[in-house]
Protein chains: 2
Amino acid sequence: MQEMPAHKAYRLLEAGPIVLVTTHDGERPNVMTMGFHMVVQHAPPLIGCVIGPWDHSYEALTATGECVIAIPTVDLAKKVVDIGNCSGRSVDKFAQFGLTALPARDVAAPLIGECLANIECRVEDTSLVERYHLFILRAVRIWTDPDRKERRRLHHNGDGTFTVDGRTIDLRERMVLWKQFQD
Amino acid sequence: MQEMPAHKAYRLLEAGPIVLVTTHDGERPNVMTMGFHMVVQHAPPLIGCVIGPWDHSYEALTATGECVIAIPTVDLAKKVVDIGNCSGRSVDKFAQFGLTALPARDVAAPLIGECLANIECRVEDTSLVERYHLFILRAVRIWTDPDRKERRRLHHNGDGTFTVDGRTIDLRERMVLWKQFQD
């Protein structure tokens, strides 16, 4: 895995891919599937996401204040759904789904070796957790796999169907007001 | 335009399309491009989004508490970028970009006739506006254009490049824990 600057988390998340979230409760790692997330600001890099008490990960996230957001690609589609349809309360999901837990640098939650990118995050603000289970996270480090051939992300349509990344349109030359985000 | 239930806003937004947001300040309508948004909860249907004082729409949104989130498709790609690169302070964007402002039912902000879907929204919670310019909106009505041929949405990669919707994978039969969201 190769590091990229943490302030570029928006490059990975703004397009709305379905993601995996890892936590570590001190005993073992866990992983969940998440579709309710957004970029909140560029710098410092903040991410909003919804993780509730119905998710086993909620307990480890609130206890440790740490997680990793990992971005899977189309080859992992079935695992992404199956990870979201069982609970870390009863299943060791890393073992069950054959995922490789790699050590992160700044958080106890692991990176996922099979993913395109991994974002190490710390909880920044919990003021909307009680009302909406909405966490504000700060991206602290990002790791990517530049050698990976398969790079097409998945976008959840909310009903169990997923749209796969198609072609890319380059309209950078029209972004006159926002040129600073193209470096 | 055909109505669909407001609680299905997550079907349109969870996949992370770039969207347009309309407002009406009492004098004229305006429109901006937005990439920082998320689904917050299914029911009632809440949406988080970042709109700041640097956006001319911020003033009308805070004054009226109303907006429409419209979902453009790939045929509008250049307009989506150009709308985000000029300001309603100096430009009548509906006229400039040849957009059709259709009346909404419950809010003063207009629907955009050229878009795949339009979500009428009211501001629900402003408690994170001061700190992060993060609004919580409630979807109140949704209108779609079922006859539209072009349905491929755009996903902004944060740098002026956009990924176009590719093929769809149907994994609904694996969503055993979340079957209630498939109706």
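Residues numbered from 1 in each chain as written. Chains lettered and ligands numbered in written order. Predicted model: local features only at pLDDT ≥ 70, side-chain atom pairs only at ≥ 80, totals over all residues. Heavy atoms only, no water.

Taken together, the contacts link 63 residues of chain A with 63 residues of chain B. Between chain A and chain B, a total of about 5500 Å² is buried, with carbon and sulfur atoms accounting for 58% of that surface. The interface formed by chain A and chain B includes four salt bridges. Residue D125(B) is joined to R131(A) by a salt bridge in which the shortest nitrogen-to-oxygen separation is 2.4 Å. The element that contributes the greatest number of residues to the side of chain A that touches chain B is strand 12 (residues 161-170) of chain A, accounting for 10 residues. As paired strands, strand 12 of chain A and strand 12 (residues 161-170) of chain B are joined by seven bridges and run antiparallel to one another. Looking at the pairing, I169(A) lines up with F162(B) of strand 12 of chain B. (Contact = heavy atoms within 4.5 Å. Buried area = accessible area lost by both parts, 1.4 Å probe. Salt bridge = Lys/Arg side-chain N within 4 Å of Asp/Glu carboxyl O. Helix = DSSP H or I, 4+ residues; strand = E, 2+ residues; numbered from the N terminus. Pairing = 2+ DSSP bridges.)

With 70 residues, the main nonpolar core has I47(A), I69(A), I119(A), L13(B), I47(B), I69(B) and I119(B) as its most contacted residues. In contact with I69(A), not counting residues within four places along its chain, are L13(A), V19(A), L20(A), M34(A), I47(A), A117(A), N118(A), I119(A), C121(A) and L137(A). (Core = buried A, V, L, I, M, F, W, Y, C linked by side-chain atoms within 4.5 Å. Buried < 20%, exposed > 50% of the residue type's maximum accessible area, 1.4 Å probe, protein only.)

Attention now moves to unusual backbone geometry. When glycine is set aside, most residues are seen to have a negative phi, and most peptide bonds are trans. Residues and elements named next belong to chain A. Residue A43 is joined to P44 through a cis peptide bond whose omega torsion reads -10°. Mapping P44 onto the fold places it in the loop between strand 4 (37-41) and strand 5 (46-50). One non-glycine residue with positive phi stands out, namely H133, at about 60°. Of note, H133 is situated in the loop between helix 5 (129-132) and strand 10 (134-144).

All names here are of chain A. In this structure, R148 sits in the loop between strand 10 and strand 11 (154-156). The exposure class assigned to R148 is buried, which follows from its relative accessible area of 13%. Ignoring any residue separated from it by four or fewer positions in sequence, one finds R148 in contact with T73, D75, E114, C115 and L116.

This paragraph deals with the pairing of strand 5 of chain A. Residue and element names in this part refer to chain A. Of all five residues in strand 5, five are buried; the element is thus mostly enclosed. With burial as the criterion, each face of strand 5 is covered, one bearing L46, G48 and V50 and the other bearing I47 and C49. Hairpin geometry of strand 4 and strand 5 is characterised by an intervening segment of four residues between the two adjacent antiparallel strands. Where strand 5 and strand 10 come together, five bridges link them in antiparallel fashion.

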